[in-house]
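Per-entry structural report
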Amino acid sequence: MNYKVSDERRKKFASLYMLNYMINTPKAIPVLLEGNDQDLEAILEFMMVKNLVEIKDQKYVPTEKGRDQLVRFMKRYQDYLKNFDVFCAVDLNEGEFAFQYIDEYDDDYDAWAEFLEEERWEDLRIAVAEYKKIDPVEIVFMSFINEGYYGKTDEGWQFDLLLGSIWDEITEVCETSLHVDDLGWEDDDGEVTGEEVMKDILAQGADLNNKIREEAEKIDEAVGVERFADDDPDSKRYVEEVEIEPVRVEIYESYYSPGYVNPIWLAPLFLF
């Protein structure tokens, strides 16, 4: 499969990053670009053509269409964090997930990161996306955002958005990651297909995700969850938090089916 990201798709994904940057930072970008922001000219022109941003008071600001596009993306991104991230580190030999041990690390992020680097863990997020017929490029893009890949070069995140080698890295991750067919194995008792292995992994991952979610809900109830409050009278232009209706019990039951895909992934991502 060819995972190379075309210039058009780069611009579309880069637009999502820019919308989040402009709306949730928030950051209005001056029309007169200076410094590293000069590398944003091509993507801002693209966003203008697609009516994602407009110019007000000599600054680029998101349009209503741009805000709607970010909400669409953030819903999928939240689902990715809740349901895909657990597959980033799986021990195929022992049938274990790194996230089974996350409570042992509390807020020690360095120790947790070191634990994830152990050789026994395999990243199966691409295989999961492939099995569920979700675009692997979108999954890697989300993982790069979550892991802070943008801005790691000397040129800065502005350069990375369209021209940086990060897009070659996304392609490489898609091509070199384990795929469903790679998970199969054979012994004296016969062959176990990659699909059979994936079904078992997805069932275990679903169970672990629900346990993690239940623990998080208990903590939220115990300590209370602070909600974002914005005193800005024009706060409707920000998308600080995307509210998603609670998932009903029958959907949780469907979630345990290996082929289950949250409906938010079935609609096209881009509105432009």
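Moving on to the overall build of the protein chain. Each helix and strand counted, the protein chain has ten helices and seven strands in total. Evaluated residue by residue, the protein chain yields a buried proportion of 40% over its 272 residues. Nonlocal contacts in the protein chain, meaning residues at least 24 apart in sequence, comprise 72% of its contacts between residues at least 6 apart. If you sum the accessible surface of the protein chain, you get close to 15,800 Å²; carbon and sulfur atoms cover 46% of it.

The first and last C-alpha atoms of helix 1 (residues 7–24) sit 26 Å apart over 18 residues, in line with the 26 Å expected at 1.5 Å per residue. Inspection of helix 1 places Arg10, Lys12, Phe13, Ala14, Ser15, Leu16, Tyr17, Met18, Leu19, Met22, Ile23 and Asn24 among the buried residues, and these make up the whole buried set.

This part takes up the confidence of the model for the protein chain. With 85% of its residues at a pLDDT of 70 or more, the protein chain has an overall mean of 84. Highest mean pLDDT in the protein chain belongs to strand 4 (residues 90–91) (97); lowest belongs to helix 10 (residues 249–255) (51). Across residues 223–251, where pLDDT falls below 50, the model places 29 contacts with residues more than four positions away in sequence or in other chains.

Side chains of Asp181, Asp182, Glu186, Asp187, Asp188, Asp189, Glu191, Glu195 and Glu196 sit close together on the surface and give a patch of like negative charge. Following the sequence through the fold, Asp182 ends up in the loop between helix 8 (166–176) and strand 6 (185–187).

Time to look at the nonpolar core. Ranked by internal contacts, the top residues of the largest apolar core, which has 71 residues, are Met18, Ile43, Leu44, Met47, Phe73 and Tyr150. When contributions to this core are tallied by element, the ones reaching two or more residues are helix 1, helix 2 (41–49), helix 3 (64–83), helix 4 (109–116), helix 5 (125–131), helix 6 (136–146), helix 8 and helix 9 (194–223). Here the element with the most residues in this core is helix 1; it accounts for eight residues. With sequence-adjacent residues up to four places away left out, Met47 is seen in contact with Ser15, Met18, Leu19, Met22, Leu52 and Val53.

On to the sheet that holds strand 2 (residues 53–56). Pairing is antiparallel in the open sheet, where three strands are placed in the order 1-3-2. The open sheet is flanked by strand 1 (29–30) and strand 2, the only strands paired with a single partner. Of the strand pairs in this sheet, strand 2 and strand 3 (residues 59–62) are connected by four bridges, and their pairing is antiparallel. Bridged to Glu54 within strand 3 is Val61.

The next thing to look at is the pairing of strand 3. Pairing geometry for strand 1 and strand 3, over two bridges, is antiparallel. Residue pairing in the sheet places Ile29 in a bridge with Tyr60 of strand 3. Between strand 2 and strand 3, which pair antiparallel one after the other, the connecting turn spans two residues, and Asp57 there sits at a positive phi close to 50°.

Bringing the pattern of salt bridges into the picture now. On inspection of all chains with the given rule, the structure shows eleven salt bridges. In this structure, Arg120 and Asp91 form a salt bridge, with 3.1 Å as the shortest nitrogen-oxygen distance. Within this pair, whereas Arg120 is found in the loop between helix 4 and helix 5, its partner Asp91 is found in strand 4, the two being separated by 29 residues in sequence. Of the residues examined, Asp91 reaches a relative accessible area of 4% and is grouped as buried. With a closest N to O distance of 3.3 Å, Lys211 and Asp207 form a salt bridge. Note that Lys211 and Asp207 are positioned in helix 9 at a spacing of four residues, about one turn of the helix. Through salt bridges that share partners, Asp85, Asp123, Arg125 and Glu147 make up one connected network.

Calculation notes
- Residues numbered from 1 in each chain as written.
- Predicted model: local features only at pLDDT ≥ 70, side-chain atom pairs only at ≥ 80, totals over all residues.
- Heavy atoms only, no water.
- Helix = DSSP H or I, 4+ residues; strand = E, 2+ residues; numbered from the N terminus.
- Buried < 20%, exposed > 50% of the residue type's maximum accessible area, 1.4 Å probe, protein only.
- Contact = heavy atoms within 4.5 Å.
- Areas by Shrake-Rupley, 256 points an atom, 1.4 Å probe, with all protein chains shown as cover.
- Expected span 1.5 Å × (residues − 1).
- pLDDT = per-residue confidence, 0-100.
- Patch = residues over 30% accessible without salt bridge, like charges linked within 9 Å, V, L, I, M, F, W, Y side chains within 5 Å.
- Salt bridge = Lys/Arg side-chain N within 4 Å of Asp/Glu carboxyl O.
- Lys, Arg positive; Asp, Glu negative; His and termini not counted.
- Charge placed at Lys NZ, Arg CZ, Asp CG, Glu CD.
- Core = buried A, V, L, I, M, F, W, Y, C linked by side-chain atoms within 4.5 Å.
- Pairing = 2+ DSSP bridges.

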